[in-house]
Amino acid sequence: MNDLVKKVVNAHGGLDNWKKFKNVTARLKIGGVTWALKQVPGIMDNINVTTSTRQQFASFYPFIEKNWHNSFEPNRVAIINEKEEVLDELLNPRPTFSGYKTNTPWSKLQLTYFTGYAMWTYINVPFCFLDPGYSCVELEPWEENNETFRRLQVTFPKEVATHGLVQTFYIDKEGLIRRHDYNVEILNDAASVHYLADYVEVQGIKFATKRNVYARLEDNTPKLPEPLFISIDISDIKLD
C-alpha cells in the first residue's frame, strides 16, 4: 500500500472500522450556482442521502415530492414513489450528457446521476482507494495558505461513475483530505477545486461536514470568492 494512502485511510478511521458498515446516511443542505444553471433549483436544497459502502449506490429523499425518493447506480437512475413504484428511469445515463454546455438544462434523472455519483464519491473516499482497480501516485507537495499539503493523484476504475478518471487529493499533516481537484466530464469538463472543512468523528470515522466547490484556474489556484459552484453542509451522519 502506498504510504500516503495508508496514512489517509488511517486518519479517516481505518479500513477495518470502515468495513463494519454497509451504509452511511446524512442530512444535506446544498447550495451554489450549479442548480439554477442546470434549471433544477430547489430540489437538492435540504435533503437526506443514503450511500452504500459496499457498492456504487445512493438515494436521496424526499425527492421532488414529500414521499418520493430516487436511486442512483452507475448504469441506472430512477425516481420512485411511496409505493416503491418506479415513476421514471434512465439506463446508461452518462452518454446522455454528451455535448452539454455549462448552461444546458438537466432532467431530474440526470440530476439524480450527478448528485448520486458525487455524494457516493465524497462519502467513500478515501476508503475506496483500496478497492480493486484504483491506482494512487504521490505528486509533489503543494503550498497554499501557508500550509504544505502532500498530494495524491488517484486514477479511478473505468467502471466507477465519478467526475473524471484522474482526481487529485491534498492531504494535511494529520492525514485528512482538505482539497479535492477534478474536471467534471459531464459539466463540460469544468476544472474544479473542492475544499473540505469542519471534520467530525462518527462511530470512529471522520467526515468533512463543509464542502465548497469553485472554479480551478490554469495555474492550479482557485477562482475566489465567486462563483461558488456547489456548497454542501452535512449533518446527522449515521453508519449502519
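Just above sits the structure.
Computed from a predicted model, the values in this text were never measured in an experiment. (Residues numbered from 1 in each chain as written. Predicted model: local features only at pLDDT ≥ 70, side-chain atom pairs only at ≥ 80, totals over all residues. Heavy atoms only, no water.)

Engineer: Now, about the nonpolar core: what can you tell me, with residues and values included?
Structural biologist: In this structure, Leu28, Phe114, Tyr117, Phe129 and Phe207 are the most contacted members of the largest nonpolar core, which totals 66 residues. With residues near it in sequence (within four places) discarded, Leu28 still touches Asp45, Asn46, Ile47, Val49, Phe60, Met119, Ile232, Asp233 and Ile234. (Core = buried A, V, L, I, M, F, W, Y, C linked by side-chain atoms within 4.5 Å. Buried < 20%, exposed > 50% of the residue type's maximum accessible area, 1.4 Å probe, protein only. Contact = heavy atoms within 4.5 Å.)

Engineer: Any chance you could break down unusual backbone geometry for me, citing the residues and the numbers?
Structural biologist: Here the residue pair Val125 and Pro126 is connected by a cis peptide bond, since its omega of 5° sits within 30 degrees of zero. Inspection of the secondary structure puts Pro126 in the loop between α4 (108–124) and β7 (135–144). In this structure, Gln39 takes a positive phi of about 60° despite not being glycine. For Gln39, the location among the structural elements is in the loop between α3 (34–37) and β2 (46–52). Its identity is not glycine, yet Gln203 carries a phi of approximately 50°, on the positive side. One can find Gln203 in the loop between β11 (190–202) and β12 (205–215). (Helix = DSSP H or I, 4+ residues; strand = E, 2+ residues; numbered from the N terminus.)

Engineer: I'd like to hear about the state of the cysteines, residue by residue, with values.
Structural biologist: By definition, a disulfide links the sulfur atoms of two cysteine residues through a covalent bond. Within this structure, the stated rule accounts for 0 disulfides. No disulfide involves Cys128; its sulfur sits 8.6 Å from that of Cys136, the nearest cysteine. By relative accessible area, Cys128 is classed as buried at 3%. (Disulfide = S-S within 2.5 Å.)

Engineer: Break down helix α1 (residues 3–11) for me, citing the residues and quoting the values.
Structural biologist: Taken as a whole, α1 has its buried residues at Leu4, Val5, Val8, Val9 and Ala11. Each buried residue of α1 sits inside an arc of 165° when the element is viewed along its axis, so together they form one side. In this fold, the buried residues of α1 make contact with α2 (15–18), β7, β8 (147–155), β9 (166–171), β10 (177–184) and β12. If you check the start of α1, you find a side-chain oxygen 2.7 Å away from the backbone N of Leu4, and it comes from Asn2. Count one or two residues on from α1 and you reach Gly13, which has phi positive near 130°. (Arc of directions from axis to C-beta. Polar contact = N/O pair within 3.5 Å; in protein donor to acceptor, adjacent residues only side chain to side chain.)

Engineer: Would you mind going over the side chain of Asn81 in detail, with residue names and values included?
Structural biologist: Inspection of the secondary structure assignment puts Asn81 in the loop between β5 (76–80) and β6 (86–91). Classification of Asn81 by relative accessible area gives buried; the value is 8%. Looking at Asn81, its side chain comes within polar contact range of the main-chain nitrogen of Lys83, at 2.9 Å. Filtering out sequence-adjacent residues up to four positions away, Asn81 remains in contact with Asn67, Trp68, His69 and Leu87.

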